[in-house]
Amino acid sequence: MNGDIILKKISFSKLNISLRAFISVTISLLCAAILIFYAVISSRMYRDRYEDELKHDMKLQCEILSYNILENGLDILDSDDIHLAAETMANFFRGRVMIIDKDYRIVIDSFGDRQGSYIINDEVIRVMVSNGSELLSIKDGYIQYIYSIVSEGEVLGVILLNA
């Protein structure tokens, strides 16, 4: 009989140790899952906030560039200030800035390789046709912002910013 009691104590003792280990592992895994969930949520929130700030900055810079273009009377081919402003904006956003006139000709290209050629795509046409509009699209991690240059209700061109 004493042998039976000792066996029961040993099996209870083994069960108690495995129960402690199970609880410890479960709590550790639960804490790790909570930390991973928090990291994923906070990175998404950071990315969303970054995109919102970037969109706001893009719109503001396009408004400033549009104002500068209108102040120069759209004589942008001869204006070094407009070329410099477009290049500065492209460098700021680490992207490309193209200024397109109402004939869909690329007047200024911050990369310089498409200047003088024509661009016709759905987004540019959509912004060009509707007065005072803008278009923002996000594809494959890139943001494309198209802003219309409007004077007295007429669209004179668009600023295309890729970042």
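Below, the structure is looked at part by part. Just so you know, these numbers come straight off a predicted model, no measurement behind them. (Residues numbered from 1 in each chain as written. Predicted model: local features only at pLDDT ≥ 70, side-chain atom pairs only at ≥ 80, totals over all residues. Heavy atoms only, no water.)

As a further point, take the pattern of salt bridges. Scanning the entire structure with this criterion turns up six salt bridges. Between Asp113 and Arg96 there is a salt bridge, with its nearest N and O atoms 2.5 Å apart. Taken as a pair, Asp113 in the loop between strand S2 (106-109) and helix H3 (122-129) and Arg96 in strand S1 (residues 96-101) lie far apart in primary sequence, 17 residues in all. When the shortest N-O distance is used, the salt bridge between Lys102 and Glu154 registers 3.5 Å. Residue Lys102 is located in the loop between S1 and S2, and its partner Glu154 is located in strand S5 (residues 154-162); the two are separated by 52 residues in the primary sequence. Residue Glu154 is classed as partly exposed on the basis of its relative accessible area of 40%. One network of salt bridges, with partners in common, ties together Arg96, Asp109 and Asp113. (Salt bridge = Lys/Arg side-chain N within 4 Å of Asp/Glu carboxyl O. Helix = DSSP H or I, 4+ residues; strand = E, 2+ residues; numbered from the N terminus. Buried < 20%, exposed > 50% of the residue type's maximum accessible area, 1.4 Å probe, protein only.)

On to the pairing of strand S3 (residues 134-139). In terms of strand pairing, S3 meets strand S4 (residues 142-151) through six bridges, oriented antiparallel. Looking at S4, one finds that Leu135 is bridged to Ile146. Hairpin connection, S3 to S4: the antiparallel pair is bridged by two residues, and Asp140 has positive phi, about 50°. (Pairing = 2+ DSSP bridges.)

Another aspect to go through is helix H2 (residues 80-93). With 14 residues, H2 ought to run about 20 Å at 1.5 Å a step, and its terminal C-alpha atoms sit 20 Å apart, in line with that. Along H2, the residues that are buried comprise Ile82, His83, Ala86, Met89, Ala90 and Phe93. Projected down its long axis, H2 shows its buried positions confined to an angular sector of 130°, all on one face. Seen from the open side of H2, the exposed residues pointing more than 90 degrees away from its buried face are Asp80, Asp81, Leu84, Asn91 and Phe92. (Expected span 1.5 Å × (residues − 1). Arc of directions from axis to C-beta.)

Bringing the packing of aromatic side chains into the picture now. In total, this model carries two aromatic pairs according to the counting rule given. Between Phe92 and Phe93, the aromatic rings sit 4.8 Å apart at their centres with planes inclined by 85°, giving edge-to-face as the arrangement. For Phe93, a relative accessible area of 7% translates into the label buried. A ring pair is formed by Tyr145 and Tyr147, whose centres lie 6.3 Å apart and whose planes are at 25°; its orientation type is stacked. Residue class for Tyr145 comes out buried when judged on its relative accessible area of 3%. Tyr147 sits in the buried class, given a relative accessible area of 14%. (Phe/Tyr/Trp six-rings, centres within 6.5 Å; stacked < 30°, edge-to-face > 60°.)

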